[in-house]
Amino acid sequence: MFSFATSVNIPFSINRIINFGLYCAFSGVLVGVLFLLSNLDILPLAFFGSFQWWDVLVLFVGIVALRNELQVYLSHRIDAGVILLVGNGVYAFTHGLLTILGYDQGSFWAIPLTFSVMGMTIASILAFAAKS
């Protein structure tokens, strides 16, 4: 997690991708700590019942990626950083939202992946159109 926090002189879009990695790492560490506290009976997470609370953090990571994508787009138009952030953000956001809503897990992975690929494809088409 701390390797993503290093200050380096890099392009803004790469900085936003590193920022996304930092939020992914932070969320992963937070989920791990919360599960550990629950297993040690320090923090009772059983009151959530069947609600999968950790997917709120996945949803949060998706929102961060989409926010970073918007910042890169507003400052640099569409580039590879935007395309990567769109794909990751849409995937994480869709995954978190569908899990929170209790969507059937049978074909679950296909839906976020489909939306992610569609988002990256649209961003790629817009990037190509902007350059030509």
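Residues numbered from 1 in each chain as written. Predicted model: local features only at pLDDT ≥ 70, side-chain atom pairs only at ≥ 80, totals over all residues. Heavy atoms only, no water.

> How do you make sense of the nonpolar core when you look at a structure like this?
Generally speaking, soluble globular proteins have nonpolar side chains that are buried together. Phe20, Val61, Ala65, Val72, Ile78, Val82, Ile83, Leu85, Val86, Val90, Ala92 and Ala123 together form the largest nonpolar core, which totals twelve residues. When contributions to this core are tallied by element, the ones reaching two or more residues are α2 (54-76) and α3 (80-100). Here this core takes six residues from α3, the largest share from any one element. In this structure, Ala65 is in contact with Phe20, Leu85, Asn88 and Gly89, ignoring residues within four places of it in sequence. (Core = buried A, V, L, I, M, F, W, Y, C linked by side-chain atoms within 4.5 Å. Buried < 20%, exposed > 50% of the residue type's maximum accessible area, 1.4 Å probe, protein only. Helix = DSSP H or I, 4+ residues; strand = E, 2+ residues; numbered from the N terminus. Contact = heavy atoms within 4.5 Å.)

> Even after reading the chapter, I still don't get a nonpolar patch on the surface, so can you show me in this structure?
Residues Phe47, Phe48, Phe51 and Val56 make up a contiguous nonpolar surface patch of roughly 370 Å² in combined accessible area. For Val56, the position within the fold is in helix α2. Overall, Val56 belongs to the partly exposed group, its relative accessible area being 39%. (Patch = residues over 30% accessible without salt bridge, like charges linked within 9 Å, V, L, I, M, F, W, Y side chains within 5 Å. Areas by Shrake-Rupley, 256 points an atom, 1.4 Å probe, with all protein chains shown as cover. Salt bridge = Lys/Arg side-chain N within 4 Å of Asp/Glu carboxyl O.)

> Where do I start with unusual backbone geometry in this structure?
Most peptide bonds take the trans form, and the phi angle of most residues other than glycine is negative. Despite not being glycine, Asp41 has its phi angle at roughly 60 degrees, a positive value. By secondary structure assignment, the location of Asp41 is in the loop between α1 (12-39) and α2.

> What is the right way to read α3 from this model?
Residue pairs spaced three or four apart in an α-helix point in one direction, given the helix's 3.6 residues per turn. Taking 1.5 Å per residue, 21 residues should reach 30 Å; α3 reaches 30 Å between its end C-alpha atoms and fits that length. Where α3 terminates, the next one or two residues include Gly102, which has phi positive at roughly 75 degrees. (Expected span 1.5 Å × (residues − 1).)

It is worth stressing that arrangement in space is one thing and function is another; only the former is reported here.
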